[in-house]
Amino acid sequence: MVKICGITSPEDALAAVQAGADAIGLNFYAGPRRINISRGRAIAEAVGSHVQLIGLFAVSAWAAQRVPAAFLHAVQLYEAPADMPAPAVRWWRVVYATGLQQLRNVFAECCPAGGAQPAPQLPAALLIDAHCPDAAGGTGKMVDWEMVALARQELPRALSPPLLVLAGGLTPQNVAAGIRITGCRAVDVASGVEMAGHPGKKDRQRMEDFVAAAKAAFTQQA
């Protein structure tokens, strides 16, 4: 899966679909790529069923609004799972990678027994991003890929991890290496496919190059 995050307009959403993205992220949370629900619905109407829509929320906002289920395929949440109400839709958990033991603990916590379907309170995906105290994401800061790979390889065979989504500083130039080193089967990009100096404004060519590089790497990984 290739997810292009921080989409802010129907035009960029359609360009992401045409580039071959499997999912787009709509930021209802914080930062320069934040949009409102009305804009999110307009983007959803523009792309139709051609791509998965992932909504980014703080848990408190998601609990208060309960609005996205009508047009989103999943929600991506930025607070501790313990604070989260019972989800009505699939959800992704954001994991800021701060150390090897932390990743080991999170992976083990979120993995059902091999072959079992995850319980509703467990995330459908873990999005692994770089820790940056002043921003929720889209910073261009990279994750330690070797650390992710090691934590993933150490999982007991009896455990079945959710989808692991590599984020943090990915670009068309480095995404293939990130996939190869970590073994992740999904990637997420925001700033790496944007016009320089314009957060939230995507560059069509960079999106096309990113998707092509990622999907070629996935094919080699299979």
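Throughout this description, residue numbers start from 1 for each chain and increase along the sequence as written. For a predicted model such as this one, the threshold for reporting local features is a pLDDT of at least 70, and the threshold for listing and counting side-chain atom pairs is 80 or more; totals across whole chains, interfaces and linings nevertheless cover every residue. Side-chain measures were taken over the full set of non-hydrogen atoms in the model, leaving aside hydrogen atoms and water.

J.: Quick question: what am I supposed to make of the pattern of salt bridges here?
T.: Should their charged atoms come close, side chains of opposite charge can pair. Salt bridges are counted wherever a side-chain nitrogen of Lys or Arg sits within 4 Å of a carboxyl oxygen of Asp or Glu. With the rule as written, the count across this model stands at seven salt bridges. Put simply, Lys3 and Asp188 hold a salt bridge, and the shortest N to O gap is 2.3 Å. Linking Lys3 in strand S1 (residues 2-4) with Asp188 in strand S8 (residues 186-189), this pair joins segments that are 185 residues apart in sequence. The exposure classification of Lys3 matches that of Asp188, with both residues buried. Here Lys202 ties to Glu194 by a salt bridge, and the two come within 2.7 Å at their closest N and O atoms. We note that Lys202, like Glu194, is buried. In this structure, a network of salt bridges that share partners links the residues Arg33, Glu194 and Lys202. A helix here means a DSSP run of H or I that spans at least four residues, while a strand means a run of E at least two residues long, and both kinds are numbered starting from the N terminus. Burial here depends on accessible area, computed with a 1.4 Å probe over protein chains only, as a share of the maximum for the residue type. Under 20% is buried, over 50% is exposed, and the range in between is partly exposed.

J.: What should I look at first to understand helix H1 (residues 10-19) in this one?
T.: Note on helix geometry: an α-helix contains 3.6 residues per turn, so any two residues three or four positions apart are oriented the same way. Along H1, the residues classified as buried are Asp12, Ala13, Ala15, Ala16 and Ala19. Around the axis of H1, the buried residues are gathered within 160° of arc, so they sit on the same side. Exposed and oriented more than 90 degrees from the buried face of H1 are Glu11 and Gln18. Note on contacts: a residue pair is in contact if any heavy atoms of the two residues lie within 4.5 Å. In this fold, the buried residues of H1 make contact with S1, strand S2 (23-27), helix H2 (37-47) and helix H7 (204-221). Two residues or fewer after H1 comes Gly20, characterised by a positive phi angle close to 105°. By construction, the arc corresponds to the directions joining the helix axis to the C-beta atoms.

These values are about where atoms sit, not about what they do.
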